[in-house]
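Residue-level structural notes
The lines below spell out each chain.
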Amino acid sequence: MKITTTRFGTIEVQDHAVITFPGGLIGLPHLMRFAIMEREQAGWFQWWQAVEYPETALITVDPVRVVRGYELVGIEDDLRALDLGKPSARIVAALVSVPGGTPETATVNLLAPLVVNRATREGRQIVLPDDRYAVDHRLDATTGATRPLELAA
Amino acid sequence: MLVLTRRVEEGIVIGDDIRVRVLEIKGHQVKLGIDAPRTTGVYREEIYRRIQEENRRAAQVPEHSGTLSTLWREWRSRGWGERKKP
């Protein structure tokens, strides 16, 4: 399919490269379909271009690259129920914010990762039930710099 | 807003498949038990708002596509992210 974008022009995307979020993202329910863009020079980062919104593209990163040993803690039952129990069955991506385009201030949302079923290409944004990971983890923070575990009662 | 008064062990039903039950009341804290389909997101309100805010920020990446390669260059030159074992 052809997608119009403001950043990359008009691009041709294979159907299997499109990921669907039936419920959209939290607070952005209209963003339901994304094309994953493979770009050179981007390392662990990827653009996820919104299919229906030319001006909207999200930056994502594999959270394991940000924090050693990153885990989807506390949602193992949900993952199994969604057939996502095995790590190989899923793609996990964390959203990156770059306020003002300044890399030094970039943050990663490790608390509410996007989890995608590789087979069906369907995804959900899942909120991890404890506070081990921050919603705005600074990219320039050193490794293992997670917040102290503050379990809510 | 609909306002209902419930006692401990009582609950409410929302639609056909969501149940909320008051499990315990201690001082100013109320413990709720929620049964909902796994596909229904259930969040503490302040966390939901925070994620909503963060998602909107993430959706406002500056227009030029070079943002990503700049980010990656910074990542490598500053040694961000998980470090190799010493």
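What counts and what doesn't
Residues numbered from 1 in each chain as written. Chains lettered and ligands numbered in written order. Predicted model: local features only at pLDDT ≥ 70, side-chain atom pairs only at ≥ 80, totals over all residues. Pairing = 2+ DSSP bridges. Helix = DSSP H or I, 4+ residues; strand = E, 2+ residues; numbered from the N terminus. Axes fitted to C-alpha atoms, helices over the stretch in contact; angles between N-to-C directions. Contact = placed C-beta atoms within 7 Å. Nonpolar A, V, L, I, M, F, W, Y, C, P; charged D, E, K, R; others polar. Expected span 1.5 Å × (residues − 1). Buried ≥ 20, exposed ≤ 12 C-beta atoms within 10 Å, placed from the backbone. Arc of directions from axis to C-beta.

Let's shift gears to the sheet that holds strand E3 (residues 29–35) of chain B. All names here are of chain B. In spatial order, the strands read E1-E2-E3; together these 3 strands make up an open sheet with antiparallel pairing. Looking at strand neighbours, the two that pair on one side only are strand E1 (11–14) and E3, the edges of this open sheet. Ignoring strand direction, the axes of neighbouring strands in this sheet form an average angle of 25°. Pairing geometry for strand E2 (residues 18–26) and E3, over 7 bridges, is antiparallel. Considered in E3, the bridge of glutamate 24 is made with lysine 31.

For the rest of this paragraph, the subject is the pairing of E1(B). Residue and element names in this part refer to chain B. Relative to E2, E1 is paired through 4 bridges, and the arrangement is antiparallel. Residue glycine 11 lies in a different strand from E2, and its bridge partner there is arginine 21. Count of turn residues in the E1/E2 antiparallel hairpin: 3 residues, of which glycine 15 carries a positive phi of about 60°.

A separate point is the interface of chain A and chain B. At the interface, 40 residues of chain A touch 30 residues of chain B. Of all the secondary-structure elements, those providing two or more residues to the side of chain A that touches chain B are strand E5 (45–50), strand E6 (57–61), helix H1 (63–66), helix H2 (76–81) and strand E7 (90–97) of chain A. Residues that form the side of chain A that touches chain B fall into these classes: 24 nonpolar, 9 polar and 7 charged.

Below, the discussion takes up helix H2 (residues 67–78) of chain B. For an α-helix the count is 3.6 residues per turn, leaving residues at separations of three or four pointing the same way. Its 12 residues give H2(B) an end-to-end C-alpha distance of 16 Å, which sits within 8% of 16 Å, the value for a rise of 1.5 Å per residue. All buried positions along H2(B) are accounted for by Thr67(B), Leu68(B), Leu71(B), Trp72(B) and Trp75(B). Along the axis of H2(B), the buried residues cluster in a sector spanning 130°; they form a single face. Exposed side chains of H2(B) directed beyond 90 degrees from the buried face belong to Arg76(B) and Ser77(B). In this structure, the buried side of H2(B) is in contact with E5 and E6 of chain A. Looking at the residues trailing H2(B), positive phi occurs at Gly79(B), about 65°.

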